[in-house]
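One letter stands for each residue in the lines below.
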Amino acid sequence: MDRGKKSTRTSGALAEAAAAAHLERAEWTILDRNVFLAGGELDIIARKGDMLVFVEVKAGKLSAGNDPAEHVTRAKAQRIARAAQ
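The following refers to the structure shown. All of these numbers come straight from a predicted model, not from anything done at the bench.

## So, the sheet that holds strand E1 (residues 29–37)
Consideration 1: Read from one edge to the other, the open sheet built from three strands follows the order E1-E2-E3, with strand pairing classed as antiparallel. Lying at the two open borders of the sheet, with one neighbouring strand each, are E1 and strand E3 (51–55). On average, each strand axis in the sheet is tilted by 25° relative to the strand beside it, whichever way the strands run.
Consideration 2: Both E1 and strand E2 (residues 40–48) contribute to a ladder of seven bridges, which runs antiparallel. From the neighbouring strand, Val35 faces E2, where its bridge partner is Leu42.

## Comments concerning the nonpolar core
Consideration 1: Counting residues in hydrophobic clusters, the biggest one holds nine residues: Ala15, Ala19, Ala20, Leu23, Trp28, Ile30, Ile44, Ala46 and Val57.
Consideration 2: For this core, the secondary-structure elements that each account for two or more residues are helix H1 (3–25) and E2.
Consideration 3: Broken down by element, this core gets its largest block of residues, four residues, from H1.
Consideration 4: In contact with Ala15, not counting residues within four places along its chain, are Val57 and Ala59.
Consideration 5: Val35, Leu42, Ile45 and Ala83 belong to the second-largest nonpolar core, a separate cluster that totals five residues.

## Here we look at unusual backbone geometry
Consideration 1: Unlike most non-glycine residues, Glu27 shows phi in positive territory, near 70°.
Consideration 2: If you trace the backbone, Glu27 turns up in the loop between H1 and E1.
Consideration 3: On the accessibility criterion, Glu27 (65% relative accessible area) is exposed.
Consideration 4: For Asn34, which is not a glycine, the phi torsion comes out positive at approximately 50°.

## Remarks on the pattern of salt bridges
Consideration 1: All told, the structure shown has two salt bridges when counted by the stated rule.
Consideration 2: Two residues, Glu56 and Lys58, come together in a salt bridge whose shortest N-O distance is 3.7 Å.
Consideration 3: Judged by relative accessible area, Lys58 falls into the partly exposed class, the value being 43%.
Consideration 4: Lys76 is the partner of Glu56 in a salt bridge, and the nearest nitrogen-oxygen pair spans 3.8 Å.

Quick notes on the rules
Residues numbered from 1 in each chain as written. Predicted model: local features only at pLDDT ≥ 70, side-chain atom pairs only at ≥ 80, totals over all residues. Heavy atoms only, no water. Pairing = 2+ DSSP bridges. Helix = DSSP H or I, 4+ residues; strand = E, 2+ residues; numbered from the N terminus. Axes fitted to C-alpha atoms, helices over the stretch in contact; angles between N-to-C directions. Core = buried A, V, L, I, M, F, W, Y, C linked by side-chain atoms within 4.5 Å. Buried < 20%, exposed > 50% of the residue type's maximum accessible area, 1.4 Å probe, protein only. Contact = heavy atoms within 4.5 Å. Salt bridge = Lys/Arg side-chain N within 4 Å of Asp/Glu carboxyl O.

Structure, rendered in structure tokens:
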């Protein structure tokens, strides 16, 4: 495995752990992580009350005016929706 892939995988795992911890502090229950389905992968599935969310975690640097949602392409959003169904 080349170092770039290992580094990306490691930073992704750290980002997912931080996102899960953040959700738990906000009283969300983590139901599952890294779920692979025919439609795609779901990074985090969480529930709070009657709300169920599917969380896509993106690791990277943010700058002023940089919206993380812009990094989820339409195709990726469609894959998440298919996997969630």
